[in-house]
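# Secondary and tertiary structure notes
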Amino acid sequence: MATSPQKIVIVGAGPAGLLFAHYLLHRRSQQYQVEIYDRRPDPRQVAVSERRSFPISLQERGLQGLRGIPDLEAAIAQQSLPCQGTVVHNKQRSREIRRQNTVLAIDRNTLVLVLLEELSRRYAAPQVQLRFNHACETLDAAAQTVCFKTPDSQESAVHYDRLIGADGAGSQVRDLLAAHHGLQSAQALVPDAYKSIFLARTNPDQGIDLANNRIHTANLNQDVRIVLAPQPGDRLHGAFVFNAEKNPFADLTTPTAVQAYFAEHLPTFGALLSDAEAQALLERPVARLTTITCDRFHEGDRILLVGDAAHAVSPSIGQGCNSALEDIVILNQLLDRYDDDWAQVLPQFSQQRVPDAHALRDLSDYAFPRTPLLVLEFFLRLTLGRKLHQWFPQQFQPFVFDLVLDTNLSYAEVLRRSSGWINKVKRSMTVESPLT
Ligand SMILES: Cc1cc2nc3c(=O)[nH]c(=O)nc-3n(C[C@H](O)[C@H](O)[C@H](O)COP(=O)(O)OP(=O)(O)OC[C@H]3O[C@@H](n4cnc5c(N)ncnc54)[C@H](O)[C@@H]3O)c2cc1C
């Protein structure tokens, strides 16, 4: 006898929510009806300039998530550039750190757009329904309803069989679980703030042509760094990251002053900065980031948190999105193992994933050092340490970045193998852990 499909309501049309929709419909499209709600407007209808943007490096963990859905990786690859390593630019010279595996550098909003377009190309209502401009407001777990509000204050209550909180670091679903269902969660502000930045990749007049298959970065000092990824159209998109208490823009009031700052401190990138972008940088708001730590990612057998809603981390080692997509791979494995019995899948997901998420927070907070001496040691370990590992694999472990970026070892295992370095950096810093 045919059973009626389960209604899965996903709050948040970010990378995690959209990839989960793909997986659910791909596994059993007759068994699930997916409704996705997002508080923002439909990105297919919003001009690019209105969207927040920064590049994401997708490495093995994230790419594995895309590979589970036929042709999805190819669709994403068409909109991104493959990078085989990083160039660290200093005033005097630049040095290259190669990666074993290729990463795909893609703009966060382009990633979302492709996931969305592919979803609506493959499935139609009633299997998938998309509702934008709907902000999750309240939740009644006993009645299995979640309420949304539109910008014109229309409210709607939606029934669900399962509710997925994929609504990012500021998750309302998580906050409601914490307020009414005993979920233990903690938030901490990342000490860094950032501004998105958009540069040209080449400046023929000055003979600058940065490689379009490398991430480009520079560390001005322990308080300021810039990370840029090549994008289609000979562009570099990235983030200008700084200690939130020492905002270098605080003293810059004109585009000329911004140009002069870059010319003095980051000359290579200064040569790629247009006057219009210098002006836009002044006006672009400073973004702050939070880390999220939870003691579990589910409530009963009906509500689940994934991605940043469950475990947002500092972007310092570029794992937020990769781990969000990896969540979906793990959920899919559990749905396979328990034959789509969510009552078993949800607690198993928490049991397996919470230790990884806590490990990832430590790795993200402490893999990259802040003191000048440790920054020097960091680069030595990345270069000389890698050689030593090749020559004496028994005596020298791969460095933490190589374990995170070039393997799919669990984050808990990476932390275990890298505990010496992580503890050393931790001791040199005063960042407090929000929940242990
Ligand atoms: C500067 C920067 C660089 C980064 N670089 C990398 C990188 O190189 N590699 C990497 O892996 N990660 C990176 N990240 C992290 C990555 O962007 C996030 O981890 C990833 O976007 C998380 O995906 P998500 O789907 O869980 O959440 P999000 O991308 O935050 O999506 C959440 C969605 O939920 C919606 N939403 C929020 N609240 C509500 C509500 N109340 N009701 C309805 N909808 C709601 C939002 O509108 C949004 O669409 C970077 C982040 C930053 C800031």
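Residues numbered from 1 in each chain as written. Predicted model: local features only at pLDDT ≥ 70, side-chain atom pairs only at ≥ 80, totals over all residues. Heavy atoms only, no water.

Turning to the packing of aromatic side chains, a few remarks are in order. Using the criterion set out here, one finds 17 aromatic pairs in the structure. Aromatic side chains F240 and F262 sit 5.7 Å apart centroid to centroid with 45° between the ring planes, which places their arrangement in the tilted category. Placement of the pair is F240 in strand β16 (residues 235–243) and F262 in helix α6 (residues 255–265), with a sequence separation of 22 residues. Comparing F240 with F262, the two get one shared label, buried. Seen from the ring of F249, K195 lies directly overhead, with NZ or CZ sitting 4.7 Å from the centre. (Phe/Tyr/Trp six-rings, centres within 6.5 Å; stacked < 30°, edge-to-face > 60°. Helix = DSSP H or I, 4+ residues; strand = E, 2+ residues; numbered from the N terminus. Buried < 20%, exposed > 50% of the residue type's maximum accessible area, 1.4 Å probe, protein only. Lys NZ or Arg CZ within 6 Å of the ring centre and 35° of its normal.)

Relative to strand β14 (residues 215–221), strand β4 (residues 81–89) runs parallel, the two sharing 3 bridges. Paired with V87 across the strands is H216, a residue of β14. Of the strand pairs in this sheet, β14 and strand β15 (residues 224–231) are connected by 5 bridges, and their pairing is antiparallel. The residue of β15 that forms the bridge with N221 is V224. Two successive antiparallel strands, β14 and β15, enclose a turn made up of 2 residues. (Pairing = 2+ DSSP bridges.)

Among the 34 residues in the neighbourhood of the ligand, the closest are listed as D38, R108, C136, C321 and N322. Side-chain polar atom of R108 to an oxygen atom of the ligand: 2.8 Å apart, as the coordinates give it. C136 has a polar backbone atom sitting 2.8 Å from a nitrogen atom of the ligand. Protein contact buries 92% of the 1,000 Å² of open area that the ligand shows by itself. Counting residues per element, the ones that place at least two in the shell around the ligand are α1 (15–27), β3 (55–58), β7 (135–140) and α10 (320–337). Class assignment for the residues of the shell around the ligand results in 16 nonpolar, 11 polar and 7 charged. (Near = heavy atom within 4 Å. Polar contact = N/O pair within 3.5 Å; in protein donor to acceptor, adjacent residues only side chain to side chain. Areas by Shrake-Rupley, 256 points an atom, 1.4 Å probe, with all protein chains shown as cover. Nonpolar A, V, L, I, M, F, W, Y, C, P; charged D, E, K, R; others polar.)

The next thing to look at is the side chain of H298. Here H298 lies in strand β18 (residues 298–299). A distance of 2.6 Å separates polar atoms of two side chains, one belonging to H298 and the other to S350. Sequence-distant contacts of H298, defined by excluding residues within four places in its chain, comprise I303, L304, L346, P347 and S350. (Contact = heavy atoms within 4.5 Å.)

Next up on the list: the environment of P398. Inspection of the secondary structure assignment puts P398 in the loop between α12 (372–391) and α13 (400–406). Judged by relative accessible area, P398 falls into the partly exposed class, the value being 24%. The spacing of P398 and A188 is 210 residues in sequence and 30 Å in space, taken between C-alpha atoms. Not counting chain neighbours up to four residues away, the residues in contact with P398 comprise H389 and L403.

With that settled, the discussion passes to the pairing of strand β11 (residues 185–200). In this structure, β11 lies alongside strand β17 (residues 287–294), joined through 7 bridges in antiparallel fashion. Looking at the pairing, Q187 lines up with I292 of β17. One ladder, built from 9 bridges, connects β11 with β16; its direction is antiparallel. Among the inter-strand pairings, A200 is bridged to a residue of β16, identified as R235.

The 8 strands are arranged β3-β5-β4-β14-β15-β16-β11-β17 in an open sheet whose pairing can be described as mixed. In the strand order of this sheet, the two ends are held by β3 and β17, each with one partner. The average angle at which neighbouring strand axes cross in this sheet is 35°, direction not considered. Strand direction decides the pairing type here: β3 and strand β5 (residues 94–107), joined by 4 bridges, are antiparallel. Of the residues in β5, the one forming a bridge with P55 is D107. In the packing of helix α5 (residues 172–180) onto the sheet, contacts are made with β11 and β17, and the angle to β11 comes to roughly 170°. (Axes fitted to C-alpha atoms, helices over the stretch in contact; angles between N-to-C directions.)

Here we take up the domain arrangement of the protein. Splitting the protein by domain gives domain 1 (6–83 + 102–188 + 291–363), domain 2 (190–288) and domain 3 (376–428). The gap between the C-alpha centroids of domain 1 and domain 2 is 30 Å. Facing the 16 residues of domain 1 at the interface are 15 residues of domain 2. For the pairing of domain 1 and domain 2, the buried interface totals around 1,100 Å² over both sides, and the portion due to carbon and sulfur atoms is 63%. Scanning the region where domain 1 abuts domain 2 turns up 0 salt bridges. For the side of domain 1 that touches domain 2, the per-class residue count stands at 8 nonpolar, 7 polar and 1 charged. (Domains from an automatic or database assignment. Buried area = accessible area lost by both parts, 1.4 Å probe. Salt bridge = Lys/Arg side-chain N within 4 Å of Asp/Glu carboxyl O.)

Together, W391, F392 and F396 make up an exposed nonpolar region whose accessible area comes to about 340 Å². Locating F396 in the fold gives a position in the loop between α12 and α13. (Patch = residues over 30% accessible without salt bridge, like charges linked within 9 Å, V, L, I, M, F, W, Y side chains within 5 Å.)

Attention now goes to the nonpolar core. Judged by nonpolar contacts, the single largest core of 75 residues is most densely connected at F20 and L58. The element best represented in this core is α10, accounting for 9 residues. Residues L360, V375, V400 and M429 belong to the second largest nonpolar core, which totals 28 residues. (Core = buried A, V, L, I, M, F, W, Y, C linked by side-chain atoms within 4.5 Å.)

As a further point, take the packing of α1 against α10. In the contact formed by α1 and α10, the axes pass within 9 Å of each other and the chain directions differ by 25°. Relative to α10, the element α1 lies roughly parallel. Taken as a pair, α1 and α10 cross one another with a handedness that is right-handed. Across the interface between the two elements, P15, A16, L19, F20, Y23, L24 and R27 of α1 pack against C321, A324, L325, I328, V329, L331, N332, L335 and D336 of α10. Within the contact of α1 with α10, the residues separate by chemical class into 13 nonpolar, 1 polar and 2 charged. (Parallel < 35°, antiparallel > 145°, perpendicular 65-115°, else oblique. Left-handed = near helix turned anticlockwise from the far one by under 90°.)

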